[in-house]
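Notes for the structure review
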Amino acid sequence: MTMFDANRNDLLLGVVGTGLMGRGIAQIAVQGGMRVLLHDVRPEAAGEARDAIAQTLATLAGKGKISTDDAHAATARLGIAESLDALADCNVVVEAISENLEAKCGLFQRLEEVVGERCILATNTSSLSVTAIAAACRIPERVAGFHFFSPVPLMKIVEVIDGALSEPSAGDALMALARRMGHTPVRAKDSPGFIVNHAGRGFGTEALRILGEGIAGFADIDRILREAAGFRMGPFELLDLTGLDVSHPVMESIYDQYYQEPRFRPSPITRQRLAAGLLGRKSGRGFYVYRDGKAESVAEEALPPKTATPIWLSRRNEPAAERAEALLDRLGAPRDRGERPGADSLCIVLPLGEDATTAALAEGLDPARTLALDPLALDGRRTLMRTPLTTRDAADAARGLFAADGTPVTVINDSPGFVVQRVLATIVNIGCDIAQQRVATPEDIDRAVTLGLGYPKGPLAMGDALGASTVLAILDAMHDFYRDPRYRPSPWLVRRARLGVSLLTPEE
């Protein structure tokens with residue numbers, strides 16, 4: 001089936017549903033030089049949307065973001081379709097109505113009675129099956145996903161989704177259309193969560209598991225992942241921003257759509273908090289308490305003074321020991337350089353994927369004076385992990401020492417993989433499995449995640465920065481400890497770790 005030329009001057013786009021998403025799509029379309037017809041089941045809604053878009057364009061012109069002439073020209077390209085019949089000449093119609101499969105199927109069936117046979121019907125669904133929507137249509141080949149993110153003008157990413165029945169040329173046309181709108185398109189096959197919502201399962205769900213196990217408080221987890229791993233927001237800040245009324249159903253939906261895949265297992269914490277109405281910013285209280293829209297800070301425990309306790313450093317992980325050795329030199333720490341620790345020395349181990357208890361016992365160390373230091377997060381914010389027997393004096397001595405240069409230090413309870421290791425390894429592993437399932441190319445996976453989720457790196461580039469073999473070691477250790485298939489490594493990761501090649505390496 002031959003589709004339209006996305007660069008033609010007379011291209012006509014229909015947008016059905018004029019809420020926040022529909023308005024955003026219409027705005028970037030008219031700014032891209034297309035004519036747009038707005039339609040909504042509520043008679044006044046399309047006119048209200050047109051006025052709102054016109055005001056937004058005028059505001060952009062007033063701020064010098066676009067020229068006044070461009071704002072007027074874009075506004076002139078906005079029209080209203082009083083009925084679906086008025087969309088008959090459209091080259092593409094994008095639906096942005098509520099997330100209801102029956103409603104979307106009914107709309108597309110009605111549109112098929114109106115539009116030409118070469119008109120593409122694009123769904124902005126974020127959670128429903130594009131294939132199921134297409135299967136309800138007379139010409140399923142022309143149906144594809146066109147998933148934008150809110151706010152559309154600012155989130156410069158769009159997922160183009162090929163359903164099982166979609167003609168590739170429909171996706172090709174939408175890719176070109178997205179570029180004309182000034183957005184970056186990524187191509188994905190129809191699957192639960194597509195790319196972005198699928199890849200995003202690792203960040204929040206693993207943080208919730210850490211919280212649920214009593215390893216660290218929510219504010220400490222946020223601090224560690226912001227300051228040590230480079231995320232712009234911590235997972236609990238993000239859950240509060242999105243709202244649990246949005247986030248928790250998505251967690252359950254993707255978990256169920258993947259037939260209870262352990263990697264996506266939700267947490268009872270969010271279900272309980274949702275039932276209690278602790279939604280986040282919108283309710284004034286979530287994980288944080290909000291006053292006038294701002295989160296109240298959660299105080300950290302006062303920093304203990306630096307002591308003269310000598311430090312014995314494990315050499316079991318030699319590359320990590322070299323980095324830790326350099327850090328201790330910079331900190332001017334008293335050292336115990338014996339083969340075995342002296343009776344008064346503080347023992348520091350540097351495990352990958354293991355907990356402090358396992359690491360201490362592996363070397364026959366006294367768990368009462370042993371702490372683990374995360375070797376992957378020696379800058380920004382450091383994390384120390386105690387065993388169940390570590391004394392308060394030992395923990396205070398270690399925290400005071402490792403904070404001596406002004407770098408904040410968080411002490412957490414025993415956990416395989418600390419916080420940074422287990423969250424990053426989970427993100428990388430899920431990204432690898434998206435590639436393994438051929439949902440999208442490795443490049444598009446990373447592009448979608450960095451633009452759609454704002455991560456410091458895409459999951460595959462993140463894995464390359466850590467080292468595929470390092471990520472594999474973390475997952476293997478966590479899997480051995482928990483005996484939970486949640487942490488089983490993706491075949492994509494295993495093979496590339498063994499071959500010593502980039503996780504971004506596609507298969508021929």
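Described below are features of the structure shown in this document.

Remarks on unusual backbone geometry
The amide bond that connects Ser 150 to the next residue, Pro 151, takes the cis arrangement and shows omega of -5°. Within the fold, Pro 151 resides in the loop between strand S6 (143–148) and strand S7 (157–162). One non-glycine residue, Tyr 259, lies in positive phi territory at about 55°. Within the secondary structure, Tyr 259 sits in the loop between helix H11 (244–257) and helix H12 (268–275).

A few points about the sheet that holds strand S11 (residues 311–313)
If you trace the five strands from one edge of the open sheet to the other, you get S11-S12-S13-S14-S15, paired in mixed fashion. Here the strands that pair on one side only, and so sit at the sheet edges, are S11 and strand S15 (409–412). The average angle at which neighbouring strand axes cross in this sheet is 30°, direction not considered. In this sheet, strand S12 (residues 346–349) lies alongside S11 in parallel orientation, the contact comprising three bridges. Paired with Leu 313 across the bridge in S12 is Ile 348. Strand contacts of helix H13 (residues 318–331): S11 and strand S14 (382–386), with the helix running at about 160° to S11, the strand carrying the most contacts. In this fold helix H15 (residues 392–402) packs onto S11, S12, strand S13 (370–373), S14 and S15, with an angle of close to 165° to the strand it touches most, S14.

Thoughts on the state of the cysteines
Evaluation of the coordinates by the stated rule reveals zero disulfides. Take Cys 137: it sits in no disulfide, and the sulfur closest to it among the cysteines is that of Cys 105, at 6.8 Å.

Let's talk about the nonpolar core
Formed by 80 residues in total, the largest nonpolar core has its most connected members in Ile 221, Leu 225, Phe 231 and Phe 236. With 10 residues, helix H16 (residues 420–436) is the single largest residue contributor to this core. Contacts of Ile 221, omitting those with residues within four sequence positions, involve Ala 207, Ile 210, Leu 211, Ala 216, Pro 235, Phe 236 and Val 419. Formed by 41 residues, the second largest nonpolar core is a distinct cluster that contains Val 30, Ile 53, Val 152 and Ala 178.

Remarks on the packing of helix H19 (residues 468–482) against helix H20 (residues 491–499)
At a minimum axis distance of 8 Å, the contact between H19 and H20 shows a crossing angle of 130°. With respect to H20, the axis of H19 lies oblique. Of the two possible hands of crossing, H19 and H20 adopt the one that is left-handed. Every residue of H20 that contacts H19 at Ala 468, Ser 469, Val 471, Leu 472 and Leu 475 is listed here: Leu 493, Val 494 and Ala 497. Class assignment of the residues belonging to the contact of H19 with H20 gives a composition of seven nonpolar, one polar and no charged.

Looking at the sheet that holds strand S3 (residues 78–80)
Within a beta sheet, neighbouring strands are joined by backbone hydrogen bonds and run either parallel or antiparallel to one another. Ordered in space as S3-S2-S1-S4-S5-S6-S7-S8, the eight strands form an open sheet in which the pairing is mixed. Unpaired on one side and paired on the other, S3 and strand S8 (184–189) mark the two borders of the sheet. In this sheet, adjacent strand axes meet at a mean angle of 25° when their direction is disregarded. Running at roughly 160° to S8, helix H6 (residues 168–180) makes contact with strand S1 (12–16), strand S4 (92–95), strand S5 (120–123), S6, S7 and S8 of the sheet.

With respect to helix H18 (residues 459–466)
All buried positions along H18 are accounted for by Pro 459, Leu 460, Met 462 and Gly 463. Buried positions in H18, seen along its axis, are confined to an arc of 155° and lie on one side of it. On its buried face, H18 is in contact with H16, helix H17 (442–453) and H19. Immediately beyond the C-terminal end of H18, within one or two residues, lies Gly 467, with a positive phi of roughly 100°.

Things to note about the environment of Ala 394
In this structure, Ala 394 sits in helix H15. A relative accessible area of 7% means that Ala 394 is categorised as buried. Those residues in contact with Ala 394, other than ones at most four positions away along the chain, are Leu 346, Ala 368, Arg 369 and Leu 371.

Some details on the packing of aromatic side chains
Applying the stated criterion across every chain yields a total of 11 aromatic pairs. Ring geometry for Phe 231 against Tyr 455: centres 5.1 Å apart, planes inclined by 90°, an arrangement best described as edge-to-face. Of this pair, Phe 231 sits in the loop between helix H9 (218–227) and helix H10 (235–242) while Tyr 455 sits in the loop between H17 and H18, placing them 224 residues apart in sequence. Like Tyr 455, Phe 231 is buried. Over the ring of Tyr 482 we find Arg 209, and its NZ or CZ is 4.6 Å from the ring centre.

Points about the environment of Met 478
Tracing the backbone through its elements, the reader meets Met 478 in helix H19. For Met 478 and Gly 338, which are 140 residues apart along the polypeptide, the C-alpha to C-alpha distance reads 30 Å. Setting aside chain neighbours within four positions, we find Met 478 in contact with Glu 206, Gly 353, Pro 416, Arg 422, Arg 483 and Tyr 487.

Some words on the pattern of salt bridges
This model, assessed by the stated rule, comprises 42 salt bridges. For the salt bridge of Arg 187 with Asp 162, the shortest nitrogen-to-oxygen distance reads 2.7 Å. Here Arg 187 is found in strand S8, whereas its partner Asp 162 is found in strand S7, with 25 residues between them in sequence. Ionic pairing is found between Lys 282 and Asp 245, a salt bridge with its closest N-O pair at 3.1 Å. Of this pair, Lys 282 sits in the loop between H12 and strand S9 (290–291) while Asp 245 sits in helix H11, and the two are 37 residues apart along the sequence. You can call Asp 245 partly exposed: its relative accessible area is 35%. Where salt bridges share partners, they join Glu 206, Arg 209, Glu 213, Arg 265, Arg 422, Asp 484 and Arg 486 into one cluster.

Side note on the side chain of Asp 40
By secondary structure assignment, the location of Asp 40 is in the loop between strand S2 (35–39) and helix H2 (45–62). The side chain of Asp 40 is buried and forms no salt bridge, while Arg 42, the nearest opposite charge, is found at 5.2 Å. A polar contact of 2.9 Å, which involves the side chain of Asp 40, links it to the backbone nitrogen of Thr 18. The contact partners of Asp 40, leaving out residues within four places of it in the chain, are Gly 17, Thr 18, Ala 45 and Ala 46.

Thresholds applied
- Residues numbered from 1 in each chain as written.
- Predicted model: local features only at pLDDT ≥ 70, side-chain atom pairs only at ≥ 80, totals over all residues.
- Heavy atoms only, no water.
- Helix = DSSP H or I, 4+ residues; strand = E, 2+ residues; numbered from the N terminus.
- Pairing = 2+ DSSP bridges.
- Axes fitted to C-alpha atoms, helices over the stretch in contact; angles between N-to-C directions.
- Contact = heavy atoms within 4.5 Å.
- Disulfide = S-S within 2.5 Å.
- Core = buried A, V, L, I, M, F, W, Y, C linked by side-chain atoms within 4.5 Å.
- Buried < 20%, exposed > 50% of the residue type's maximum accessible area, 1.4 Å probe, protein only.
- Parallel < 35°, antiparallel > 145°, perpendicular 65-115°, else oblique.
- Left-handed = near helix turned anticlockwise from the far one by under 90°.
- Nonpolar A, V, L, I, M, F, W, Y, C, P; charged D, E, K, R; others polar.
- Arc of directions from axis to C-beta.
- Phe/Tyr/Trp six-rings, centres within 6.5 Å; stacked < 30°, edge-to-face > 60°.
- Lys NZ or Arg CZ within 6 Å of the ring centre and 35° of its normal.
- Salt bridge = Lys/Arg side-chain N within 4 Å of Asp/Glu carboxyl O.
- Lys, Arg positive; Asp, Glu negative; His and termini not counted.
- Polar contact = N/O pair within 3.5 Å; in protein donor to acceptor, adjacent residues only side chain to side chain.

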